[in-house]
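# Descriptive analysis of the structure
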Amino acid sequence: MEICVLIKQVPSTDQVKIDEKTGTMIRSDLESELNPLDMYAVEEAVRIKEKNSGTKITAISMGPASAEYTIKEAISMGCDEGVLLTDRKFAGADTLATAYTITQFLKTKKFDIIFAGERATDGETGQVGPSVGAQLEIPILTYVNKITKITNENITVQRAIEGGNEVIQTTLPALITVVKEINEPRLPNLENKLRAKKSKIKILTNEELKIKEDKIGLKGSPTRVVKVFYPKISRQGEKIVVKTSQEGVEKILMYLREKGVVS
Ligand SMILES: Cc1cc2nc3c(=O)[nH]c(=O)nc-3n(C[C@H](O)[C@H](O)[C@H](O)COP(=O)(O)OP(=O)(O)OC[C@H]3O[C@@H](n4cnc5c(N)ncnc54)[C@H](O)[C@@H]3O)c2cc1C
């Protein structure tokens with residue numbers, strides 16, 4: 001079985017700062033890491049490999065040259081190889097252009113399952129995975145929290161829906177986005193860490209991919225960030241200092257009663 005996992009390099013902080021004038025992310029001084037939600041996708045792929053001998057997992061990322069280290073993080077968790085799609089011409093891509101570039105590479109490759117994270121912790125659109133599936137015209141299963149059965153032809157999954165779960169079966173190849181309830185990502189072991197360190201990531205630029213330039217990067221991106229800003233908090237807060245949680249509950253209840261919020 002051939003499995004691809006889409007992974008993204010994200011700033012390793014939840015304190016992402018935005019330049020309010022340009023609307024772009026301030027990337028200087030930020031360390032990068034594998035998108036935390038992609039670890040669940042990697043882990044699920046590795047679990048399938050452990051149960052199905054002969055399975056190969058390829059971690060794929062589109063990003064700057066530094067994303068090579070992120071791909072190595074995925075290899076240290078158990079992926080077999082990595083591919084980095086990197087080119088100045090890919091810069092400024094919105095989700096459509098990002099998915100298009102990844103799709104053009106995937107069209108050159110054999111795969112049974114493509115895994116993606118639910119969303120990236122920086123862009124947070126959750127669009128890239130489903131968009132890749134749509135562009136490849138394969139079934140897309142989103143919010144998957146359990147894989148119940150895989151055969152050579154089919155996959156059965158449980159996906160989270162509002163107020164419950166639903167079980168779906170589809171044919172392979174398929175694209176699956178996973179939620180963090182699906183598993184507990186492993187810590188890399190020493191053997192895989194060493195393997196990742198030595199591994200050679202396949203680097204592909206647009207010289208090799210030969211994608212039309214009006215489909216990639218800024219030129220291929222129909223959406224633009226018009227404005228990014230922090231919400232201004234105009235409300236005045238009130239701090240209630242208490243010694244015990246019981247006292248806190250009583251004071252808050254008293255406050256809410258005074259305001260007529262609770263009777
Ligand atoms: C309107 C708009 C304009 C933008 N303009 C710019 C810009 O000018 N410059 C800029 O740098 N960025 C820009 N971005 C951000 C850029 O589009 C996103 O970072 C990128 O397309 C991924 O989207 P996301 O972060 O929302 O990922 P999501 O869609 O939330 O990610 C979901 C999953 O898709 C996969 N995935 C996502 N991105 C990648 C990737 N690059 N490689 C492999 N797998 C991936 C991962 O599995 C991830 O868990 C823009 C975004 C938007 C919405």
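Keep in mind the model is a prediction, meaning the values are calculated, not measured. (Residues numbered from 1 in each chain as written. Predicted model: local features only at pLDDT ≥ 70, side-chain atom pairs only at ≥ 80, totals over all residues.)

### Some remarks on the site of the ligand
The environment of the ligand is formed by 32 residues, the closest being A116, G117, G123, T125 and V128. Looking at the shell around the ligand residue by residue, the classes come out as twelve nonpolar, 13 polar and seven charged. (Near = placed C-beta within 6 Å. Nonpolar A, V, L, I, M, F, W, Y, C, P; charged D, E, K, R; others polar.)

### Focus: the pairing of strand β7 (residues 140–150)
For a regular strand, the rule is simple: side chains alternate between the two faces of the sheet. With three bridges joining them, β7 and strand β10 (residues 174–178) adopt parallel strand pairing. Looking at the pairing, L141 lines up with I176 of β10. Pairing of β7 with strand β8 (residues 154–161), which is carried by five bridges, proceeds in the antiparallel orientation. Looking at the pairing, V144 lines up with R159 of β8. The turn linking β7 back onto β8 is made up of three residues. (Pairing = 2+ DSSP bridges. Helix = DSSP H or I, 4+ residues; strand = E, 2+ residues; numbered from the N terminus.)

### So, the pairing of strand β5 (residues 81–85)
Of all five residues in β5, four are buried, a share of seventy percent or more. Between the parallel elements strand β4 (residues 56–62) and β5, the chain passes through helix α2 (residues 67–76) in a crossover that is right-handed. When β5 meets strand β11 (residues 202–204), the two strands line up parallel, connected through three bridges. Following the sheet pairing, L85 is matched in β11 by L204. (Buried ≥ 20, exposed ≤ 12 C-beta atoms within 10 Å, placed from the backbone. Right-handed = clockwise from strand over helix to strand, strands pointing away.)

### Quick notes on the domain arrangement of the chain
Domain parsing of the chain yields domain 1 (2–215) and domain 2 (236–263). One C-alpha centre belongs to domain 1, the other to domain 2; they are set 46 Å apart. (Domains from an automatic or database assignment.)

### Here's the deal with the environment of D94
Tracing the sequence through the fold places D94 in the loop between β5 and α3 (95–106). The buried category is assigned to D94, around which 20 C-beta atoms lie within 10 Å. C-alpha of D94 to C-alpha of I216: the two residues are 122 residues apart in sequence and 9.0 Å apart in space. Among residues more than four places away in sequence, those in contact with D94 are S221, P222 and T223. (Contact = placed C-beta atoms within 7 Å.)

### Points about helix α7 (residues 245–258)
The terminal C-alpha atoms of α7 lie 20 Å apart, and with 14 residues this matches the ideal 20 Å at 1.5 Å per residue to within 8%. With zero of 14 residues buried, α7 is to be regarded as a mostly surface element. At the exit of α7 stands G260, carrying a positive phi of roughly 80°. (Expected span 1.5 Å × (residues − 1).)

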